[in-house]
Amino acid sequence: MPGRHRRPPIADQAALPADVDLRLRAITQGRTVTDEGVVVLPGAEHPYAYRRLYRPDGGVDRLLERLGPGPLHPPGPHPAD
């Protein structure tokens, strides 16, 4: 219910703006919202694909996958070996 000095929103104002937080959009629309793209992390040579899934219950699933070819470490002994 609108406040005493507020008019109820008209159809154009009732829709969520395009830049609203994706988690809020998932909750209010009751559906999973996906944000995905490609990024190069600081100090990394290979790009990474990321995907965030915002669920209607407020949860978020984050996925990160390396896109570059080849092994994760150069061949040979590693400090952890």
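Everything below is about the structure printed above this text.
Rules behind the numbers
- Residues numbered from 1 in each chain as written.
- Predicted model: local features only at pLDDT ≥ 70, side-chain atom pairs only at ≥ 80, totals over all residues.
- Heavy atoms only, no water.
- Helix = DSSP H or I, 4+ residues; strand = E, 2+ residues; numbered from the N terminus.
- Buried < 20%, exposed > 50% of the residue type's maximum accessible area, 1.4 Å probe, protein only.
- Contact = heavy atoms within 4.5 Å.
- Areas by Shrake-Rupley, 256 points an atom, 1.4 Å probe, with all protein chains shown as cover.
- Patch = residues over 30% accessible without salt bridge, like charges linked within 9 Å, V, L, I, M, F, W, Y side chains within 5 Å.
- Salt bridge = Lys/Arg side-chain N within 4 Å of Asp/Glu carboxyl O.
- Pairing = 2+ DSSP bridges.
- Axes fitted to C-alpha atoms, helices over the stretch in contact; angles between N-to-C directions.

(A) Structural detail: the overall build of the protein chain. Helix and strand counts for the protein chain come out as two helices and three strands. Sequence-ordered secondary structure for the protein chain, helices as α and strands as β, is α-α-β-β-β. By the burial criterion, 14% of the 81 residues in the protein chain qualify as buried. Sequence-distant contacts, at least 24 apart, represent 18% of the contacts inside the protein chain between residues at least 6 apart. Only carbon and sulfur atoms are counted for the fraction: they give 55% of the accessible area of the protein chain, which is about 6,900 Å².

(B) Spatial organisation of a nonpolar patch on the surface. Together, Val 39, Leu 41 and Leu 64 make up a nonpolar patch on the protein surface, roughly 230 Å² of accessible area in all. You can call Leu 41 partly exposed: its relative accessible area is 32%.

(C) The sheet that holds strand 2 (residues 48-54), seen in detail. Pairing within the open sheet is antiparallel, and its three strands lie in the order 1-2-3. Each edge of the open sheet is held by one strand with a lone partner, namely strand 1 (33-39) and strand 3 (60-66). Averaged over all pairs of adjacent strands, the angle between strand axes in this sheet comes to 10°, irrespective of strand direction. For strand 2 and strand 3, the ladder comprises seven bridges, and the chain directions are antiparallel. Its bridge partner being in strand 3, Arg 52 is matched across the sheet by Arg 62. The sheet strands contacting helix 2 (residues 22-29) are strand 1, strand 2 and strand 3, and the helix crosses strand 1 at an angle near 155°.

(D) Representation of the pattern of salt bridges in the model. Applying the stated criterion across every chain, the model contains four salt bridges. Between Glu 36 and Arg 51 there is a salt bridge, with the nearest N and O atoms lying 2.7 Å from each other. With a gap of 15 residues between them, Glu 36 in strand 1 and Arg 51 in strand 2 connect regions that are remote in the sequence. Take Glu 36: its relative accessible area is 48%, and that puts it in the partly exposed class. One continuous salt-bridge network, built from bridges that share partners, spans Arg 55, Asp 57 and Asp 61.

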